[in-house]
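A structural walkthrough
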Amino acid sequence: MICGCLRLAQPGQMYRTVRQYFKPGQKEAFYDVEGVVTKDTLLFRYEDPTKVFRKNMLAMAMMPLWGYLGYYSYSLKSKVEPFREEVVDNTRINFLLDNVSKASRGVGLAYFLFGAGLSSYWVIRTMNTVRRLVLRKGGKYVSIQTYGLSGGGGRVENVPVVHCSGIQHTFYGKQRFFLKVRDHSFKYQFNLEEGVVSNKPLFDRTVGIGRRI
């Protein structure tokens, strides 16, 4: 047994053992995906254009509704002023008319801005929903395809992997995953609940939570 341990402790034998299990090429591949991906690899896909189209239409349909509420509230002052002379002796109603006259334009503007902001955010968020994520050959770039306004294929953007950073918000749990890209003002959204991650280990290694800019 002692002789066997001495043989294992020989430098040449130990070097050959280490070389057998930790080859330089494998060690580099373990820490990075560059050079490992020999062809384009689909990492994620979310195919539901009908649902995306309906969401966009609903968001845009809300804009006229909030616009009408804003216009009605804004013009309410001119509608109630003719009744002031009829209730001049009623202190309570005069007080209410004063409040309506002072607040009508501010409330109307707030309605309009809120509706415009809500609709715009919803449309922009939907258009930044990722339809497909492809890791390009070589492992240095990822191709991000988003949805268009009509639910069809939107723009396709190729970005370096090193510019990607995954974000997982506690509020969304495991239903949503966000991808932050350098020099891109809006984060990309992944619908993990209805989408399919084709290669989870490679997805996590490439754009997952483990990646930080």
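Everything below is about the structure printed above this text.
A few points on the structure. Source: prediction; values computed, not measured.

Once that is clear, we can look at the overall build of the protein. Helix and strand content of the protein: seven helices and eight strands. Going through the 213 residues of the protein one by one, you find that 31% of them count as buried. Restricting the contact set of the protein to residue pairs at least 6 apart, pairs at least 24 apart contribute 58%.

Here we come to the nonpolar core. One recurring pattern in soluble globular proteins is that nonpolar side chains are buried together. Among the nonpolar cores identified, the biggest contains 22 residues, and Leu133, Val142, Ile144, Leu179, Phe190 and Phe203 are the most heavily contacted of them. Every element with two or more residues in this core is listed here: strand S1 (41–45), strand S2 (130–135), strand S3 (141–147), strand S6 (176–181), strand S7 (188–191) and helix H7 (200–206). Discounting chain neighbours no more than four positions away, the residues touching leucine 179 are Ile144, Cys164, Ser165, Gly166, Lys187, Tyr188, Phe190 and Val207.

With 37 residues, helix H6 (residues 91–127) should reach 54 Å at 1.5 Å per residue; the first-to-last C-alpha distance of 53 Å fits that figure. Among the residues of H6, Asn94, Leu97, Ser101, Ser104, Gly108, Gly115, Ala116, Ser119, Val123, Arg125 and Thr126 are the ones counted as buried. Where H6 is buried, its residues meet helix H4 (49–74), helix H5 (76–80), S3, S6 and S7.

Inspection of every chain in the model, using the stated rule, returns five salt bridges. We note a salt bridge from arginine 131 to glutamate 47, for which the minimum N-O separation is 2.9 Å. Separated by 84 residues along the polypeptide, arginine 131 in strand S2 and glutamate 47 in the loop between S1 and H4 bring together distant segments of the chain. Taking relative accessible area as the criterion, arginine 131 reaches 15% and is therefore assigned buried. The closest approach of N and O atoms between glutamate 47 and arginine 132, which form a salt bridge, is 2.9 Å. Of this pair, glutamate 47 sits in the loop between S1 and H4 while arginine 132 sits in strand S2; the two residues are 85 residues apart in sequence, bridging distant segments of the chain. By relative accessible area, which is 34% here, glutamate 47 ends up partly exposed. Put simply, Glu47, Arg131 and Arg132 are held in one network by salt bridges that share partners.

We now examine the packing of aromatic side chains. Counting across every chain of the model gives nine aromatic pairs. When the centroid spacing of 5.0 Å and the interplanar angle of 75° are considered together, the rings of phenylalanine 44 and phenylalanine 190 count as edge-to-face. With phenylalanine 44 in strand S1 and phenylalanine 190 in strand S7, this pair connects stretches of sequence that are 146 residues apart. On the basis of relative accessibility, which here comes to 0%, the residue phenylalanine 44 falls in the buried class. According to the relative accessible area criterion, phenylalanine 190 is buried, its value standing at 0%. Aromatic pair tryptophan 66 and phenylalanine 114: ring centres 4.9 Å apart, planes at 75°, arrangement edge-to-face. Here tryptophan 66, found in helix H4, pairs with phenylalanine 114, found in helix H6; they are 48 residues apart in sequence, far enough to count as distant. By relative accessible area, tryptophan 66 is classed as buried at 17%. Overall, the relative accessible area of 46% leaves phenylalanine 114 in the partly exposed class. An aromatic cluster is defined as three or more aromatic residues linked by ring pairs; in this entry it consists of Phe44, Phe177, Phe190 and Phe203.

A separate point is the sheet that holds S6. Strand order across the open sheet formed by three strands is S5-S6-S7, with antiparallel pairing between neighbours. Each having just a single partner strand, strand S5 (164–167) and S7 make up the two edges of the open sheet. Put simply, the sheet's adjacent strands are angled 25° from each other on average, direction ignored. Relative to S7, S6 is paired through four bridges, and the arrangement is antiparallel. Bridge pairing in S7 links arginine 176 to asparagine 191.

About the thresholds
- Residues numbered from 1 in each chain as written.
- Predicted model: local features only at pLDDT ≥ 70, side-chain atom pairs only at ≥ 80, totals over all residues.
- Heavy atoms only, no water.
- Helix = DSSP H or I, 4+ residues; strand = E, 2+ residues; numbered from the N terminus.
- Buried < 20%, exposed > 50% of the residue type's maximum accessible area, 1.4 Å probe, protein only.
- Contact = heavy atoms within 4.5 Å.
- Core = buried A, V, L, I, M, F, W, Y, C linked by side-chain atoms within 4.5 Å.
- Expected span 1.5 Å × (residues − 1).
- Salt bridge = Lys/Arg side-chain N within 4 Å of Asp/Glu carboxyl O.
- Phe/Tyr/Trp six-rings, centres within 6.5 Å; stacked < 30°, edge-to-face > 60°.
- Pairing = 2+ DSSP bridges.
- Axes fitted to C-alpha atoms, helices over the stretch in contact; angles between N-to-C directions.

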